[in-house]
Amino acid sequence: MVFKRFYLGCLAHASYLIGSETEAVVVDPQRDVQQYIDEAKANGLTIRYVIETHLHADFVSGHRELAAKTGAEIVFGSRAGAEFPHRAVRDGDELQVGQVVLRALETPGHTPEGISWVVIDGEAPEAPQKVLTGDTLFIGDVGRPDLVGSKGFTAEDMAGMLYDSLHGKLLQLDDAVEVYPAHGAGSACGRNISKERSSTIGEQRRTNYALRPMPRDAFMKLMTSDLPPAPGYFSRDAEINRRGAGFLSELHADAFTPQEVQLRLQQGAVALDVRESTAFANGHIPGSLNIGLKGNYAPWSGNLLKSSDRLILIADGKEEIDEAVMRLARVGLENVAGYLEGGILAWNAAGLDLQQTPQISVDELHAQINEDGKRLQIVDVRAPGEFSSGHLPGAKNVPLPELETRLAGLDPHQPTAVICAGGYRSAAAASILQRHGFQDLYNITGGTSAWVSAGYSTER
């Protein structure tokens, strides 16, 4: 049996290719599908099925494009309501791939249509080897029951289904069965996902907090308490996956001169600068948004941009532009009008205005607080849980996804320092504040990590 995991760190997403003899199946594919075709070819395999464990909300899948390029059949759970030709499976249905059998287990809870797949080697049919659990069971955690895939059900309804799926289906498997989920640490589809990317049923039974023995109602309360807000783009991506996305190969971005970019910005387009924060701070197009490509670019773009935004990309070169377009498409953002040919150097050479964002170290911030702390407005854009674990004295917590909707609580005329854990989110936040007229603004390099390392005091 050929078994290969593909892991996409930016989205903490795992997909799989399973093959036997001359046939293969791909499970939960990324938007960019050529890698699966290449892997199958390298192993002498033909992709026969493209399986989705559920309607993903955190990324757009490439199931339609992969099926079109390979002739494979798309497979969903019967409750998905997918709007394109597919095979709808129910509990106990099987797919044969060479000598490997994949058996469907209906495991709703994260979504109503969730399916886990038990992988059985034909040479040992009585001893299942693996189970692909989608977003029902993670390593160290289970899927959140409150996300948009659960539309039409309350979080409590879904949590009850999740309890039944875990205890009535997955925990009935042998302790030796290997567990392979669709996401790892950092995914918003869970709350406490481990950095480990696979495990066994037995190990999860012993160590996963959500699987410890407890009554059903206690589990439901645990799963529905203290949940962070769902990222804003999740509902959009789930519906794109239900309809089936267009082909990534059809997307492109046109090259624009500085003057053409200036005109489009005046007409309402949004300049998205994907350079790292220091380069952005040293000089950028006024009003542009900074989401660095070298970071969690796709999920933060999904959180901070609207699907209706007409985007003009600013980067150091065409390679970065192509990557930016592809990674935006992974979260359903396809409205890229074009990019600034020649980058910020061309803008500067054309004699057009540049804006800067002062960046200061935690030592400089500490000195400024001691000198004139009463006037300084410190905005911490981390998540509430991060903030409560320790923050700068007097800092105000405004999580980055909420920043634009909570501007009324900040004073644009007051000196403002923006901080996060390391500097990536605060750079994006500072660019948002600049767009809204904040002038006396500082981005704190190194973030709270550097503040703590320097030995400065924090509040809880």
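Structure shown above.
To keep things clear, this report deals only with the structure shown in the data block.

The rules we used
- Residues numbered from 1 in each chain as written.
- Predicted model: local features only at pLDDT ≥ 70, side-chain atom pairs only at ≥ 80, totals over all residues.
- Heavy atoms only, no water.
- Helix = DSSP H or I, 4+ residues; strand = E, 2+ residues; numbered from the N terminus.
- Contact = heavy atoms within 4.5 Å.
- Polar contact = N/O pair within 3.5 Å; in protein donor to acceptor, adjacent residues only side chain to side chain.
- Buried < 20%, exposed > 50% of the residue type's maximum accessible area, 1.4 Å probe, protein only.
- Axes fitted to C-alpha atoms, helices over the stretch in contact; angles between N-to-C directions.
- Parallel < 35°, antiparallel > 145°, perpendicular 65-115°, else oblique.
- Left-handed = near helix turned anticlockwise from the far one by under 90°.
- Nonpolar A, V, L, I, M, F, W, Y, C, P; charged D, E, K, R; others polar.
- Pairing = 2+ DSSP bridges.
- Salt bridge = Lys/Arg side-chain N within 4 Å of Asp/Glu carboxyl O.
- Phe/Tyr/Trp six-rings, centres within 6.5 Å; stacked < 30°, edge-to-face > 60°.
- Lys NZ or Arg CZ within 6 Å of the ring centre and 35° of its normal.

Some points on the environment of Asp28
Within the secondary structure layout, Asp28 lies in the loop between β3 (23-27) and α1 (34-42). Taking the C-alpha atoms as reference, Asp28 lies 43 Å from Thr416; in sequence the two are 388 residues apart. In this structure, Asp28 is in contact with His13, Ala14, Ser15, Tyr36, Ile51, Glu52, Thr53, His56, Phe59, Gly134 and Ala182, ignoring residues within four places of it in sequence. Within the structure, Asp28 has its side chain in polar contact with the backbone nitrogen of Thr53 (distance 2.9 Å). Looking at Asp28, its side chain comes within polar contact range of the side chain of His56, at 2.8 Å.

Quick look at helix α2 (residues 63-70)
The complete set of buried residues in α2 reads His63, Glu65, Leu66 and Ala67. Gly71 occupies a position one or two residues after α2 and carries a positive phi of about 80°.

Describing the packing of helix α3 (residues 155-168) against helix α5 (residues 216-224)
The relative placement of two packed helices is expressed as an angle between their axes plus a distance between the axes. Where α3 meets α5, the axes come as close as 9 Å, and the angle between the chain directions of the two elements is 125°. On the basis of their axis angle, the class for α3 and α5 is oblique. For the crossing formed where α3 meets α5, the hand is right-handed. Residue-level contacts link Ala155, Glu156, Ala159, Gly160, Met161, Leu162, Tyr163, Asp164 and Leu166 of α3 to Arg216, Phe219, Met220, Met223 and Thr224 of α5. A per-class count over the contact of α3 with α5 returns 9 nonpolar, 2 polar and 3 charged.

Re the sheet that holds strand β12 (residues 199-200)
In spatial order, the strands read β7-β8-β9-β10-β11-β12; together these 6 strands make up an open sheet with mixed pairing. Sheet topology places β7 (94-97) and β12 at the edges, where each strand pairs with a single neighbour. Bridge analysis of strand β9 (residues 115-121) against strand β10 (residues 130-134) gives 3 bridges, and the strand direction is antiparallel. Its bridge partner lying in β10, Val118 is registered against Val131.

What to know about the sheet that holds β3
Spatial strand order, β1-β2-β3-β4-β5-β6: 6 strands in an open sheet with mixed pairing. The sheet is open, and its two edges are formed by β1 (2-8) and β6 (87-89), each paired on a single side. When strand polarity is set aside, the average angle formed by the axes of neighbouring strands in this sheet is 25°. Bridge count for strand β5 (residues 73-77) against β6 is 3 bridges, and the pairing is parallel. Bridge pairing in β6 places Phe76 opposite Ala88. Packed onto the sheet, α2 meets β3, β4 (46-51) and β5 and runs at close to 155° relative to β4.

Some words on the pattern of salt bridges
What the rule picks out here adds up to 21 salt bridges. The closest approach of N and O atoms between Lys69 and Glu65, which form a salt bridge, is 3.2 Å. Highlighted residues: Lys69 and Glu65, both in helix α2, separated by 4 residues, approximately one helical turn. With a relative accessible area of 44%, Lys69 lands in the partly exposed category. The exposure class assigned to Glu65 is buried, which follows from its relative accessible area of 3%. The salt bridge partner of Glu73 is Arg87, with a shortest N-O separation of 3.2 Å. In this pair, Glu73 is assigned in strand β5 and Arg87 in strand β6, connecting sequence segments 14 residues apart. Given the relative accessible area of 30%, Glu73 is considered partly exposed.

Digging into the packing of aromatic side chains
Taken as a whole, this structure holds 8 aromatic pairs when the rule is applied. Ring centres 4.8 Å apart and planes at 70° place the aromatic pair Phe6 and Tyr36 in the edge-to-face group. Of this pair, Phe6 sits in strand β1 while Tyr36 sits in helix α1, placing them 30 residues apart in sequence. In terms of burial, Phe6 and Tyr36 fall into one category: buried. Seen from their ring centres, Tyr16 and Tyr180 are 5.9 Å apart, and the 75° between their planes marks the pair as edge-to-face. Here Tyr180 lies in strand β11 (residues 178-181) and Tyr16 lies in strand β2 (residues 13-20), a separation of 164 residues in the sequence. Here Tyr180 falls in the buried class, since its relative accessible area comes to 11%. In this structure an aromatic cluster arises from ring pairing among Phe3, Tyr16 and Tyr180. The residue whose ring lies beneath Lys130 is Phe3, and the NZ or CZ to ring-centre distance is 4.7 Å.

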